[in-house]
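# Working through the structure, step by step
So you can see what is in the structure, the chains are spelled out below.
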Amino acid sequence: MPKKYGIKEKDLVVSHVVNLVLTGKLRSGDRVDRNEIAQELGVSRVPIQEAVVQLEHDGILSTQYHRGAYVETFDAFVIREHLEIYGLLMGIASARAATDPEARVLEQLESILEFMRNNREARAFQDAAWDFRAAINDAYCGPRLKAMIAASHAFNPRDFWATYLHSYEEMLSHYELELDAIRRRDPEGARTACAQRAAMMSRILLGELVRRGVLSPQESPALHSE
C-alpha cells in the first residue's frame, strides 16, 4: 500500500487496525500480526509499536508480555460506550461555548451550519461537521480535553461518515439544536444536543456493523434502556 503523505505513520497504523476491527477482519481476542501490517503499509516496526501503545491506551488492544497485542472485547456495548464518552467530551466543550459564547466563534459556527444546510452530499456535509466541532474545540478546549477527544475518535471513523448517505437528514437537526443552545447561553442544552447526536451516531454505526456481518443482530447489550 502506498504511503499517505502528510499523515503520521503511527496514525496510519492506528486507522488500519481500527478498520480491520470495523470490517471484521480482526475480532475480539485475535492477535495483531505486526509483520503483516509492516508489509501491508510499508512502515517500520517503530510506528507500529507507537500505534499499539495508543490503541492499548484507547482500550482497543491489550498487550501480553512476550506474546504480542490482541484485540480487546469488541461488541455493541463497546461501540455504545466509546460514542457515549465521545458525546460527553463534546458536551464539555460545547457547554463552555454556551457559558461564554464569543461573537467570533458564533459567526464561524453560523457560517459552517449554513453551508451544512445547503450541502446534502455526504463528504461535503461531513467535512463541514468536522469544521463545526473543530471551531468549538479550538476555542474552548485545553490540551488535556483535546487529547481525550482525539482518543475518543477511534470508533468514530471519519471515512465511514464521509460515505454515509443519510447524514444530512439524520444529523443536521442535532447541530442546529447545539448552536441554538450556545446562542441562548444554555450549557445543559448544548450538552444534551451533543449526547443525543452521539447516541444517534451509535445507532447508525451499530446498524451498519450488523449489516456488514461484523456484529450479529442479537449482539446488543445496552448501556441504558432505549
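Description of the structure in this document.

The rules behind these values
- Residues numbered from 1 in each chain as written.
- Predicted model: local features only at pLDDT ≥ 70, side-chain atom pairs only at ≥ 80, totals over all residues.
- Heavy atoms only, no water.
- Salt bridge = Lys/Arg side-chain N within 4 Å of Asp/Glu carboxyl O.
- Buried < 20%, exposed > 50% of the residue type's maximum accessible area, 1.4 Å probe, protein only.
- Pairing = 2+ DSSP bridges.
- Helix = DSSP H or I, 4+ residues; strand = E, 2+ residues; numbered from the N terminus.
- Contact = heavy atoms within 4.5 Å.
- Axes fitted to C-alpha atoms, helices over the stretch in contact; angles between N-to-C directions.
- Parallel < 35°, antiparallel > 145°, perpendicular 65-115°, else oblique.
- Nonpolar A, V, L, I, M, F, W, Y, C, P; charged D, E, K, R; others polar.
- 1 Å grid on protein atoms, 1.4 Å probe; cavity = no way out; pocket = protein on both sides within 12 Å on 5 of 7 lines; lining within 4 Å.
- Points joined across faces, edges and corners; volume = space filled by probe spheres on them.
- Expected span 1.5 Å × (residues − 1).

## Observations concerning the pattern of salt bridges
This structure, assessed with the given rule, holds 15 salt bridges. Notably, a salt bridge pairs Lys10 with Asp11, separated by 3.1 Å at the nearest N-O pair. Look at Lys10 and you get partly exposed, because its relative accessible area is 22%. A salt bridge links Arg184 to Asp186; its shortest N-O distance comes to 3.4 Å. For Arg184, a relative accessible area of 48% corresponds to the partly exposed category.

## A closer look at the pairing of strand β1 (residues 61–64)
Pairing of β1 with strand β2 (residues 68–71) involves 4 bridges; the strand directions are antiparallel. Paired with Ser62 across the two strands is Tyr70, which belongs to β2. Hairpin connection from β1 to β2: 3 residues lie between these consecutive antiparallel strands, with His66 at a positive phi of about 65 degrees.

## Considerations on the side chain of His16
Along the chain, the position of His16 falls in helix α1 (residues 9–22). With residues up to four places along the chain from it excluded, the contact list for His16 reads Ile37, Glu40 and Leu41.

## Comments concerning unusual backbone geometry
Most peptide bonds adopt trans geometry, and most residues besides glycine take a negative phi value. Phi is positive for Arg185, close to 60 degrees, though the residue is something other than glycine. Tracing the backbone shows Arg185 in the loop between α9 (167–183) and α10 (187–212).

## Here we look at the packing of helix α5 (residues 103–117) against helix α6 (residues 122–140)
In the contact formed by α5 and α6, the axes pass within 9 Å of each other and the chain directions differ by 170 degrees. Of the possible angle classes, the one that applies to α5 and α6 is roughly antiparallel. Across the interface between the two elements, Arg104, Val105, Gln108, Leu109, Ile112, Phe115 and Met116 from α5 touch Ala124, Phe125, Ala128, Ala129, Asp131, Phe132, Ala135, Ile136, Ala139 and Tyr140 from α6. Along the lines of polarity and charge, the residues of the contact of α5 with α6 split into 14 nonpolar, 1 polar and 2 charged.

## Some words on the layout of surface pockets
The computed volume of the largest pocket comes to approximately 1300 Å³. Mapped onto the lining of the largest pocket, the elements with two or more residues apiece are α1, α3 (45–57), α4 (76–99), α6, α7 (143–151), α8 (158–163) and α10. When its residues are assigned to classes, the lining of the largest pocket shows 19 nonpolar, 8 polar and 13 charged.

## Notes on α1
For α1, with 14 residues, the first-to-last C-alpha span of 20 Å sits near the 20 Å given by 1.5 Å per residue. All of the buried residues in α1 are Leu12, Val13, Val14, His16, Val17, Val18, Leu20, Val21 and Leu22. Structurally, α1 contributes buried residues whose contacts are with α2 (34–41), α3, β1, β2 and α10. With its phi angle positive at about 80 degrees, Gly24 sits one or two positions after the end of α1.

Keep in mind that these numbers describe shape and distance, not what the molecule does.
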